[in-house]
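Here's the letter readout for the chains.
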Amino acid sequence: MLKRQNPSTPEHRRDLAADGGALSMSHNDSRSFFSLSQLVLSAGRIKPSPALKHSKITYFEVEIVDVQSKKQICIVDKVPPASTLLDVKHKFHKACPQWYPSRVGLQLEHNGPFLKDSVSIQSLAVSSIVTLYFTDLGQQVGWTTFFLTEYTGPLLIYLLFYVRLSTIYDQVESRKSFRHPVVHLACFCHCLHYIRHLLETLFVHKFSEGHTPLKNMIKGCAFYWGFTSWIAYYINHPRYTPPSFGHKQVSYAALAFLLGLKPEEIKKSILLNSLEPGSLSDLPRAKHGTCWAWEPH
């Protein structure tokens, strides 16, 4: 049978003292933790130390050397790795204004091919200094200007002969002569041929941003304009005589002209123009010897 402990006994007083000490220690710990929390909060948030930047951008120096004299023209400095050769040409143009970008030809080797404008400097660099050889390509014109000038001339020149200007033909003889219907048909076919080329140049064909020397345009214009002047002079001459075989010869010539328009190739040009640039590589290449491969324009 359990005995009830007397609260006045020494053992009971010893247990109460022990419980009171534990409570006071717990209370002191709580106050200490609260004080520490207040101290941390008053100090503010701890900011993380900034990370050290170990990566550095490497710039290249492009040395431009004349391909003939081997003398240094200038140095294009602080060229980022992602820069293309066109960016270098623009910076070179700022240093040497007399050479605009389309006139500058750059080579990696003395007798090497000219580099494309889309080539990155990083792909050419072996060290931090890139040496490129400079060639003056002369005055340049865009491809659209090249073809528009080449095709507009024959169209206008033929019409000047067709109206029989007084500076070209004798006016008295021009008034007396009768124009054969084939003369009008020849003018119509000639104008239709070059109008078709002009419309294709403006709306169908896509040209790159490249350029060609001005002397090439002069050669092309001399051929087209000269040949047009030669045939237009005789066809529109007041003493022009009709074809020897009559209507049969005219009909065969008109049929050959219509076949020469090549409507299938016009459809191909429109189709290629509508494709995305990246999808052109998936198309089959034209075989050598076909009409498409030998097309001069």
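Being a predicted model, the structure only gives us computed values, none of them experimental.

Observations concerning helix α7 (residues 214-235)
Here's step 1: The terminal C-alpha atoms of α7 lie 32 Å apart, and with 22 residues this matches the ideal 32 Å at 1.5 Å per residue to within 8%.
Here's step 2: Of all the residues in α7, the buried ones are M217, G220, C221, Y224, T228 and A232. Each buried residue of α7 sits inside an arc of 95° when the element is viewed along its axis, so together they form one side. Exposed and oriented more than 90 degrees from the buried face of α7 are K215, I218, K219, A222, F223, W230 and Y234.
Here's step 3: In this fold, the buried residues of α7 make contact with β5 (140-142), α4 (143-162), α6 (181-204) and β6 (211-213).

Focus on the pairing of strand β1 (residues 60-66)
Here's step 1: Burial runs high along β1: 5 of the 7 residues are buried.
Here's step 2: Taking the residues that link successive antiparallel strands as the turn, the β1-strand β2 (residues 72-79) hairpin has 5 residues, and the phi of K70 there is positive, at about 65°.
Here's step 3: Where β1 meets strand β4 (residues 129-136), 6 bridges bridge the pair, whose relative direction is parallel. Bridge pairing in β4 places V62 opposite V130.

Section: the packing of α4 against α7
Here's step 1: Viewed as axis vectors pointing N to C, α4 and α7 meet at an angle of 20°, and their least axial separation amounts to 9 Å. As judged from the angle between their axes, α4 and α7 are roughly parallel. With respect to the hand of their crossing, α4 and α7 are arranged in right-handed fashion. Contacts from T145, F146, T149, E150, Y151, G153, P154, I157, Y158 and F161 in α4 reach N216, M217, G220, C221, Y224, W225, T228, S229, A232, Y233 and I235 in α7.
Here's step 2: In terms of residue class, the contact of α4 with α7 is made up of 13 nonpolar, 7 polar and 1 charged.

Concerning the sheet that holds β1
Here's step 1: Taken in spatial order, the 4 strands line up as β2-β1-β4-β3 in an open sheet, and their pairing is mixed. On the outer flanks of this sheet lie β2 and β3 (104-107), each paired with one strand and no other. Neighbour-to-neighbour, the strand axes of this sheet turn through a mean angle of 30°, independent of strand direction.
Here's step 2: Where β1 lies against β2, 5 bridges are found, and the strand directions are antiparallel. Each residue of the ladder has a partner; that of E63, found in β2, is I75.
Here's step 3: Each of β1, β2, β3 and β4 touches helix α2 (residues 85-95); the most contacted strand, β2, lies at about 120° to it.

Quick notes on the nonpolar core
Here's step 1: In terms of nonpolar packing, the biggest core is built from 19 residues, with V62, I64, F92, I121 and L132 touching the most fellow members.
Here's step 2: Counting only elements with at least two residues in this core, the list comes to β1, β2, α2, β3, α3 (121-124) and β4.
Here's step 3: Among all residues touching V62, those that are not within four sequence positions of it are C74, I75, V76, V79, V88, I121, V130 and L132.
Here's step 4: Among the nonpolar cores identified, the runner-up in size contains 17 residues, and L155, Y158, F161 and A232 belong to it.

A short note on the packing of aromatic side chains
Each aromatic ring pair is characterised by the separation of its centres together with the angle its planes make.
Here's step 1: The final tally for this structure, using the stated rule, is 17 aromatic pairs.
Here's step 2: Ring centres of F92 and F134 lie 5.5 Å apart, and the angle between their planes is 55°; this geometry places the pair in the tilted category. With F92 in helix α2 and F134 in strand β4, the pair connects residues that are 42 residues apart, well separated along the chain. Comparing F92 with F134 shows no difference in burial state: the two are buried.
Here's step 3: Ring centres 6.4 Å apart and planes at 90° place the aromatic pair F161 and Y233 in the edge-to-face group. One end of the pair, F161, is in helix α4; the other, Y233, is in helix α7, and 72 residues separate them in sequence.
Here's step 4: Taking NZ or CZ as reference, R179 lies 4.7 Å from the ring centre of Y162, over its face.

Here is what the cut-offs are and how they apply
- Residues numbered from 1 in each chain as written.
- Predicted model: local features only at pLDDT ≥ 70, side-chain atom pairs only at ≥ 80, totals over all residues.
- Heavy atoms only, no water.
- Helix = DSSP H or I, 4+ residues; strand = E, 2+ residues; numbered from the N terminus.
- Expected span 1.5 Å × (residues − 1).
- Buried < 20%, exposed > 50% of the residue type's maximum accessible area, 1.4 Å probe, protein only.
- Arc of directions from axis to C-beta.
- Contact = heavy atoms within 4.5 Å.
- Pairing = 2+ DSSP bridges.
- Axes fitted to C-alpha atoms, helices over the stretch in contact; angles between N-to-C directions.
- Parallel < 35°, antiparallel > 145°, perpendicular 65-115°, else oblique.
- Left-handed = near helix turned anticlockwise from the far one by under 90°.
- Nonpolar A, V, L, I, M, F, W, Y, C, P; charged D, E, K, R; others polar.
- Core = buried A, V, L, I, M, F, W, Y, C linked by side-chain atoms within 4.5 Å.
- Phe/Tyr/Trp six-rings, centres within 6.5 Å; stacked < 30°, edge-to-face > 60°.
- Lys NZ or Arg CZ within 6 Å of the ring centre and 35° of its normal.

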